[in-house]
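# Overview (structure and organization)
Given next are the chains, with one letter for each unit.
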Amino acid sequence: MRASCDFCFRRCSIEEGYYGYCNARTNMNGMIRDRAYGKVSAIAIDPVEKKPLYHFMPGTKTLSVAMAGCSFNCAFCQNHQIAKDNPETGRFISPEDIVKTAIKNQTPSISFTYTEPIVWQDYAADIATIAKAEGLKTIMVSNGAFSEEALERMLPLIDAYNIDLKGDASFYKEYVHGDIQPVLRSIARISSYGAHIEVTTMAIEGIHTQEMMAELKDMLVDAGIDIWHITAFYPRRFMSDRSPSSAAYIRKLRDSLSGNGIRYIHTGNI
Ligand code: SF4
């Protein structure tokens, strides 16, 4: 019997015994479940600025956690080794033990990051529920392509977000194999909900033109976004043959887009 997953915009209808697009969700006896709940593919302590979040608990460390899986298939993915890994190869860590690790290491927040936490959101939600009861903050670094109902479920559990706005509609089709619309919808909803949100665009020299970036800025202004990170591309995955974006290109974008709408535009990866 087929069943549908409602975690992200794809709403995969999955045959029994098969996996969804993300490789992380499966149909087990007619029920959609995580393929490998709690199997962690990466865990580390990072400065919160590395997420990047520059305006949320600055100067603090965060416990970063990831399971494998992603709902996009970006040609330039900077983390594809873990995002596209087999989720079953991770090491099981219970939500309680993740929170204990944060407390032991005195990190005041836990971040769901590195891969796409939307596709392992039930594990993230279980950790976040315990973390909040212990007085810790929660952070989600995401592609933003939630389903509407999944975002509503997560909103009360997450204090701060960094959401990627990767390019314009044609960029999402050609290089991401995704859709810009659910991303814009999520950015606007998180902003109107009142959670802390910063947005990141990794700019690829020769692809992200001044015109495209100006269009993205207009979208972010419409969504009420105050903080935008423009970061440099490094050659990865199917775009390993391209040159990295130069510091001069990133700074020029920042300077030309500053003022009139977004209060903070930060550069990164340069
Ligand atoms: S999380 Fe998204 S990609 Fe994965 S199975 Fe669910 S709807 Fe499909």
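Along every chain, residues carry numbers that run from 1 in the direction the sequence is written. Local features in a predicted model are, by the rule used here, given only for residues with pLDDT of at least 70; side-chain atom pairs are given and counted only at 80 or more, and totals for whole chains, interfaces and linings are based on all residues.

### Looking at the site of the ligand
Every one of the 13 residues lining the ligand counts as a neighbour, but Cys5, Cys8, Cys12, Gly20 and Cys22 are closest to it. Following the grouping adopted for this structure description, the nonpolar residues are Ala, Val, Leu, Ile, Met, Phe, Trp, Tyr, Cys and Pro, the charged ones are Asp, Glu, Lys and Arg, and the polar ones are all others, Gly among them. Classifying every residue of the shell around the ligand gives eight nonpolar, two polar and three charged. Placing a C-beta atom from the backbone of each residue, we mark the residue near a molecule or strand if the atom is within 6 Å of it.

### Quick word on helix α3 (residues 121-133)
The terminal C-alpha atoms of α3 lie 18 Å apart, and with 13 residues this matches the ideal 18 Å at 1.5 Å per residue to within 8%. All of the buried residues in α3 are Gln121, Tyr123, Ala124, Ile127, Ala128 and Ala131. Down the axis of α3, the smallest arc covering the buried residues is 150°, so these residues share one side. Downstream of α3 by a residue or two, Gly135 has a phi angle that is positive, lying close to 85°. Under the scheme used here, helices are H or I runs from DSSP no shorter than 4 residues and strands are E runs no shorter than 2 residues, and both carry numbers assigned from the N terminus. Any helix carries an expected span of 1.5 Å times its number of residues minus one. Exposure classes come from backbone-placed C-beta atoms, where a residue is buried if 20 or more other C-beta atoms lie within 10 Å of its own, exposed if 12 or fewer do, and partly exposed in between. The arc refers to the directions leading from the helix axis to the C-beta atoms.

### A look at the pairing of strand β3 (residues 25-28)
With four bridges joining them, β3 and strand β4 (residues 31-34) adopt antiparallel strand pairing. Bridge assignment links Asn27 to a residue of β4, and that residue is Ile32. Note on pairing: two strands pair once DSSP finds at least 2 bridges between them. Taken together, β3 and the strand that follows it, β4, pair antiparallel across an intervening segment of two residues, in which Asn29 is found at a positive phi of about 55°.

### Remarks on the environment of Arg153
By secondary structure assignment, the location of Arg153 is in helix α4 (residues 148-154). On the basis of neighbour count, Arg153 is assigned to the partly exposed category, with 15 C-beta atoms found within 10 Å. Linking Arg153 and Gln121, residues 32 residues apart in sequence, is a C-alpha distance of 9.5 Å.

### What about the environment of Tyr249?
Checked against the element boundaries, Tyr249 lands in helix α8 (residues 247-257). With 19 C-beta atoms packed within 10 Å, Tyr249 lands in the partly exposed category. In sequence terms Tyr249 and Thr60 are 189 residues apart; their C-alpha atoms lie 30 Å from each other.

### Here's the deal with the packing of helix α2 (residues 95-104) against α3
Helices that pack against each other are described as a pair by the angle of their axes relative to one another and the distance between those axes. Lines fitted to C-alpha atoms define the axes here, with helix axes fitted over just the stretch in contact, and angles between the N-to-C directions of these axes take values from 0 to 180 degrees. Their axes nearest at 9 Å, the elements α2 and α3 cross at an angle of 50°. What the angle tells us is that α2 and α3 run oblique. Note that α2 runs across α3; the crossing there is right-handed. Of the residues in α3, those in contact with Pro95, Glu96, Ile98, Val99 and Ala102 of α2 are Tyr123, Asp126, Ile127, Ile130 and Ala131. Tallied by class, residues from the contact of α2 with α3 come to eight nonpolar, no polar and two charged. Oblique is the label for any angle not under 35 degrees, not over 145, and not in the 65 to 115 range, which are roughly parallel, roughly antiparallel and roughly perpendicular in turn. Here a crossing is called left-handed whenever its near helix is offset anticlockwise from the far helix by less than a right angle, and right-handed whenever the offset is clockwise. Contact between two residues is assigned whenever their backbone-derived C-beta positions fall within 7 Å.

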